[in-house]
Structure formats: structure tokens, C-alpha cells
Amino acid sequence: MTAALVRALGDLAHRAAHPAGCGPRPCPPPAVLADRDDGIVVRSGPVVAKAHAADTDTAALAARLRLAAGPGLDGILLAPLPGAHGAHLTELHGRPVTLWPLGEPVDPGDPDAAPWEEAGTLLARLHRTDAPAAGLPAMRGPVKAALAVDRMRTARPADPAVEPVLTAWRGLPGWARGEEGAGKRAASPAGRGTHLCHGDLHLGQLVRHPAPHGRWLLIDVDDAGLGDPAWDLARPAAWYAAGLLPPDVWLRFLDAYRAGGGPAVPADGDPWPALDVPARALTVQTAALAWAKSAAEGRDPDEVEQVMIDACARIASLPPELAAERTS
């Protein structure tokens with residue numbers, strides 16, 4: 001099924017990139033950019049086609065696509081391309097599929113050039129943008145964290161090594177664990193759930209468009225929605241707290257966000273009261289995925305993965321009264 005789906009995605013992207021055919025010279029064959037359960041991405045020329053997860057809530061995805069295609073997010077989110085009949089969402093082999101213009105991703109081989117300031121500025125603009133009056137679902141960040149923990153439990157049943165991660169998970173408030181509340185998944189603490197959020201911010205979610213020298217834009221709206229804007233700062237905050245992100249890089253990102261008027265943290269002073277719970281949740285999510293992936297690949301966690309696992313052990317060792325204080 002995957003091979004057939006990849007071919008179909010390549011054909012779809014090719015038709016979108018070359019509606020009148022290739023001309024006198026044949027086009028290069030489509031290229032697979034990503035092949036994961038939650039997303040298969042195939043490129044043909046300046047167009048990429050993405051097959052989303054089979055269990056995707058298509059009504060929610062359609063709402064997110066309308067958000068990205070609307071004028072309010074121009075210059076912040078990469079806009080999807082319309083399909084053959086003008087719709088942004090189609091289906092291939094039972095998977096929802098979208099089309100996107102090609103962007104130039106962050107160069108992993110040049111960490112000094114990583115666009116941390118641009119990421120902070122874009123997030124601030126996104127969080128300050130008025131949300132649609134109706135129809136936009138909750139940001140999926142907490143739900144993704146819960147799925148990561150479930151994946152770890154399945155991959156390593158009854159393994160005592162994962163207990164610190166589970167202890168850190170149990171120390172989080174219900175909203176940060178994606179628990180049911182008032183008949184729906186809670187995506188933020190009370191009073192902070194009205195902001196537009198990306199839901200899965202990391203440097204892989206930025207591209208230059210037009211490629212290769214256009215402005216930086218955020219991509220991948222699969223998890224976007226209404227929620228606590230602090231969640232979008234949580235992964236860099238977690239890396240900083242674990243020692244993976246240098247303090248000067250963290251401050252560049254945070255200062256750019258604050259300079260852009262981002263509402264997730266106070267304009268000055270200590271940002272950690274707002275970031276503590278989301279950062280702990282992203283630490284758990286990252287550690288849980290590390291345990292799950294290493295189990296699937298029959299190996300021990302690598303050095304970076306072990307840093308996040310060790311960070312969970314430190315979180316789990318917090319006295320209960322301190323954990324409760326940080327959670328409240």
C-alpha cells in the first residue's frame with residue numbers, strides 16, 4: 001500500500017506542478033521527502049503532496065487548512081495549494097491528502113544559521129492573530145504528548161526503566177496530558193485557550209518560501225488550533241532546561257518572541273511560571289518517544305535521547321508539594 005500511495009502522491013504532485021505536461025524535456029522523477037505513519041511527503045518540482053495519517057480527523061484538518069489559506073495568516077503560515085477541483089483536501093488510498101508549495105528547510109548541517117529569532121517572531125505574530133469566530137479545533141499538542149506516552153507503554157510494557165517518565169507524566173495537570181474535560185480534550189489551562197497555536201513547533205517546521213531564499217514561514221498545520229501559546233515555546237524551553245539548547249540561543253528565541261509582543265510569557269521578568277508545565281510535558285513526550293523508537297530499533301537510547309530521559313528522572317524526583325506548586 002505504501003509504494004502505491006507514494007506513486008499516487010508523485011503523480012498528483014506532478015500534475016499540480018506541470019498541468020500542461022513537462023514540455024520537450026522529461027521531468028525528474030518524484031522524490032520521497034518523508035515516509036512516516038503520520039505523514040508521507042512526495043515532491044515533484046515545486047510542489048509537494050502529503051498523505052496525512054489514516055485516522056486524521058478530516059473535518060478538523062479542513063478547518064486548519066482554511067486557516068492557513070486565509071489572508072489573516074499570510075506571511076506566517078505556508079498556504080496550501082488547491083487541488084484539481086479547487087479543494088485543499090482530497091483522498092488517495094484511504095488517506096487524506098494535501099498539496100503544498102516547496103519550501104527550503106532549515107539546514108541541519110549549519111546550526112549557527114538556524115532561524116531562532118525568526119521562529120520567535122513568527123510565533124508571536126501567530127499568537128497575536130485573531131482566531132476565527134468558530135470552527136477551529138483545539139491545538140493538539142497535549143494529545144500528541146499523551147499518544148507518545150501510550151506508544152512508550154506499548155513498546156516497553158512493564159519495563160521499570162520507563163517509570164521515571166511515567167512519574168513525571170502523572171505529575172502534570174490534566175490539561176497538559178490531553179485528558180477529557182467538559183466533553184472535549186482540554187488544550188490549555190483556564191483562561192489561556194483562546195490563542196492561535198501551531199501545536200508542534202520545532203525547527204523542522206520552518207521553510208523559506210519561495211525556495212531557496214524567500215522569507216521564513218511556519219509549515220504543518222496538522223496540530224494547529226486554539227490553546228495555550230506557551231505550548232509553542234515548550235520544546236525549545238525543554239531543550240534549554242535539559243542543557244541541549246545553549247542559553248544564548250534560548251535567549252535569542254525568547255527575546256525575539258517578546259519583542260514581537262507574544263502573549264505566552266510576560267514582556268519581561270521570569271518566563272518560567274508560564275512555561276514550566278508545557279516544558280515538562282514536552283520533556284516527557286520527547287523521552288517517551290525516545291524509549292519507543294529505541295525499542296522498535298532494538299537499541300539503547302542515544303546520547304541526546306538519554307539527556308531527555310534523565311531530565312524526566314529529575315522531574316520525577318521533585319517533592320510532591322513542589323510539583324503541585326509548579327503545576328498550579
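In this text the structure is predicted, and so the values were computed from the model without any measurement. (Residues numbered from 1 in each chain as written. Predicted model: local features only at pLDDT ≥ 70, side-chain atom pairs only at ≥ 80, totals over all residues. Heavy atoms only, no water.)

### What about the side chain of R177?
In this structure, R177 sits in the loop between α5 (163-170) and β7 (180-181). Assessed through its relative accessible area of 18%, R177 is described here as buried. Not counting the four nearest positions on each side in its chain, R177 is found in contact with P142, A146, W169, R170 and L172. (Helix = DSSP H or I, 4+ residues; strand = E, 2+ residues; numbered from the N terminus. Buried < 20%, exposed > 50% of the residue type's maximum accessible area, 1.4 Å probe, protein only. Contact = heavy atoms within 4.5 Å.)

### Description of the environment of L226
Tracing the backbone through its elements, the reader meets L226 in strand β12 (residues 225-227). Counting along the chain gives 32 residues from L226 to T194, while the straight-line C-alpha distance between them is 5.4 Å.

### Section: the packing of aromatic side chains
If you walk through the whole model with that rule in mind, you get 7 aromatic pairs. Taken together, a centroid distance of 5.8 Å and an interplanar angle of 80 degrees make the contact between W116 and F253 edge-to-face. Taken as a pair, W116 in helix α3 (residues 116-128) and F253 in helix α7 (residues 247-259) lie far apart in primary sequence, 137 residues in all. Residue classification places F253 among the buried positions, given a relative accessible area of 0%. Both rings, one in W250 and one in F253, keep their centres 5.9 Å apart while their planes meet at 40 degrees; by these two values the pair is tilted. (Phe/Tyr/Trp six-rings, centres within 6.5 Å; stacked < 30°, edge-to-face > 60°.)

### With respect to the sheet that holds strand β11 (residues 215-218)
Across the sheet, 3 strands lie side by side as β6-β10-β11; this open sheet has antiparallel pairing. With one partner strand each, in any of the chains shown, β6 (104-105) and β11 form the two edges of the open sheet. As paired elements, strand β10 (residues 206-209) and β11 share 4 bridges and run antiparallel to each other. Each residue of the ladder has a partner; that of L206, found in β11, is L218. (Pairing = 2+ DSSP bridges.)

### Overview of empty space enclosed by the protein
Across all of its chains, the model carries 1 cavity of 30 Å³ or more by this definition. In this structure, the largest cavity encloses a volume near 60 Å³. Around the largest cavity, the lining residues are G141, K144, G199, D200, L201, W231, D232, A234, R235, L282 and Q285. Those elements that place two or more of their residues in the lining of the largest cavity are α4 (141-155), α6 (231-242) and α8 (272-296). Top element by residues in the lining of the largest cavity is α6. It accounts for 4 residues. Tallied by class, residues from the lining of the largest cavity come to 4 nonpolar, 3 polar and 4 charged. (1 Å grid on protein atoms, 1.4 Å probe; cavity = no way out; pocket = protein on both sides within 12 Å on 5 of 7 lines; lining within 4 Å. Points joined across faces, edges and corners; volume = space filled by probe spheres on them. Nonpolar A, V, L, I, M, F, W, Y, C, P; charged D, E, K, R; others polar.)

### What about unusual backbone geometry?
In this chain, H209 is followed by P210 through a cis amide linkage whose omega measures 0 degrees. Cis geometry marks the peptide bond from A211 to P212; its omega dihedral reads 0 degrees. Tracing the sequence through the fold places P212 in the loop between β10 and β11. Although it is not a glycine, H93 sits at a positive phi angle of roughly 50 degrees. Mapping H93 onto the fold places it in the loop between β4 (90-92) and β5 (95-101). What makes H93 partly exposed here is its relative accessible area of 41%. Backbone geometry places A158, a non-glycine residue, at a positive phi of 60 degrees. Relative to the helices and strands, A158 resides in the loop between α4 and α5. A relative accessible area of 81% places A158 in the exposed class.

### Topic: α3
Here α3 contains 13 residues, and its C-alpha end-to-end distance of 18 Å stays within 8% of the 18 Å for a straight helix at 1.5 Å per residue. For α3, the full list of buried residues reads W116, A119, G120, L122, L123, A124, L126 and H127. The inward-facing, buried residues of α3 abut β9 (195-197), β10, β11, α6 and α7. (Expected span 1.5 Å × (residues − 1).)

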